[in-house]
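# Breakdown of the fold
Single-letter residue listing:
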Amino acid sequence: QVQLVESGGGLVQPGGSLSLSCAASGSIARIVVMAWYRQAPGEQRELVASFTSSGSTNYADSVKGRFTISRDNAKNTMYLQMNTLKPEDTAVYYCQMTYRSSGTGALQGTWGQGTQVTVSS
């Protein structure tokens, strides 16, 4: 069974920074995509940033220039550095991974439990 464990959320003032991490463990043959999503109260879950196995990255327009996604392949860990945070960045942040199972080779996906990020003065 593959698990994603997130950490790093919290309360920060506008203009501040936070760093999130997402560690994957379990029967993973190959990670295809790792991504960060967020969901604010009353809103749909939205893609924040993604990282493919080829090395390409994508960002939502609302976070470009402020957020940076990165990964440590040796540790199967993904990070999200968030700078110049705004109140509208307040949400529960989820990591998501699409991977090939080491057992069956099947393409599967899983989500982390979510971590709260609150930007407020």
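Residues numbered from 1 in each chain as written. Predicted model: local features only at pLDDT ≥ 70, side-chain atom pairs only at ≥ 80, totals over all residues. Heavy atoms only, no water.

### Topic: the nonpolar core
The biggest cluster of nonpolar side chains holds 29 residues, and the ones touching the most others in it are W36, V48, F67, L80, M82, Y93 and M97. At the level of secondary structure, the elements contributing two or more residues to this core comprise β3 (18-25), β4 (28-39), β5 (46-52), β7 (67-72), β8 (77-82), β9 (91-101) and β11 (115-119). Sorting elements by how many residues they give to this core places β9 first, with 5 residues. (Core = buried A, V, L, I, M, F, W, Y, C linked by side-chain atoms within 4.5 Å. Buried < 20%, exposed > 50% of the residue type's maximum accessible area, 1.4 Å probe, protein only. Helix = DSSP H or I, 4+ residues; strand = E, 2+ residues; numbered from the N terminus.)

### Some thoughts on the pattern of salt bridges
Taken as a whole and judged by the stated rule, the model has 4 salt bridges. A salt bridge links D61 to K64; the shortest N-O distance between them is 3.1 Å. Assessed through its relative accessible area of 64%, D61 is described here as exposed. One continuous salt-bridge network, built from bridges that share partners, spans R38, E46, R66 and D89. (Salt bridge = Lys/Arg side-chain N within 4 Å of Asp/Glu carboxyl O.)

### Examining unusual backbone geometry
Even without glycine at this site, N76 takes up a positive phi of about 50 degrees. Take N76: it is sitting in the loop between β7 and β8. Taking the relative accessible area as the measure of exposure, N76 reaches 26% and is therefore partly exposed. Backbone geometry at T84 places phi at a positive 50 degrees, although glycine is not the residue there. Summarising the element assignment, T84 is placed in the loop between β8 and β9.

### Regarding the packing of aromatic side chains
Counted according to the given criterion, the structure contains 2 aromatic pairs. Here the aromatic rings of Y94 and W111 are separated by 6.4 Å at their centres, their planes lie at 85 degrees, and the arrangement is edge-to-face. Placement of Y94 in strand β9 and of W111 in strand β10 (residues 107-111) is noted, with a sequence separation of 17 residues between them. Residue classification places W111 among the partly exposed residues on the basis of a relative accessible area of 39%. Above the plane of the ring of Y94 lies R45, whose end atom (NZ or CZ) is 3.7 Å from the centre. (Phe/Tyr/Trp six-rings, centres within 6.5 Å; stacked < 30°, edge-to-face > 60°. Lys NZ or Arg CZ within 6 Å of the ring centre and 35° of its normal.)

### Digging into the sheet that holds β3
Here we have 4 strands laid out as an open sheet, ordered β1-β3-β8-β7, and antiparallel in their pairing. Each edge of the open sheet carries a strand with a single partner, namely β1 (3-7) and β7. Here the strands of the sheet are splayed against their neighbours by 15 degrees on average, with no regard to which way each runs. As defined by bridge partners, β7 adjoins β8 across 6 bridges and the pair is classed as antiparallel. Opposite D72, over in β8, you have T77 as the bridge partner. (Pairing = 2+ DSSP bridges. Axes fitted to C-alpha atoms, helices over the stretch in contact; angles between N-to-C directions.)

### Some details on the state of the cysteines
Counted under the stated rule, the structure contains 1 disulfide. Between the sulfur atoms of C22 and its disulfide mate C95 the distance is 2.1 Å. Judged by the torsion about the S-S bond (65 degrees), the C22/C95 disulfide is right-handed. A residue pair is termed long-range when its members are at least 10 positions apart, and C22 in strand β3 and C95 in strand β9 qualify at 73 residues. Since its relative accessible area comes to 0%, C22 is described here as buried. Judged by its relative accessible area of 0%, C95 falls in the buried class. (Disulfide = S-S within 2.5 Å.)

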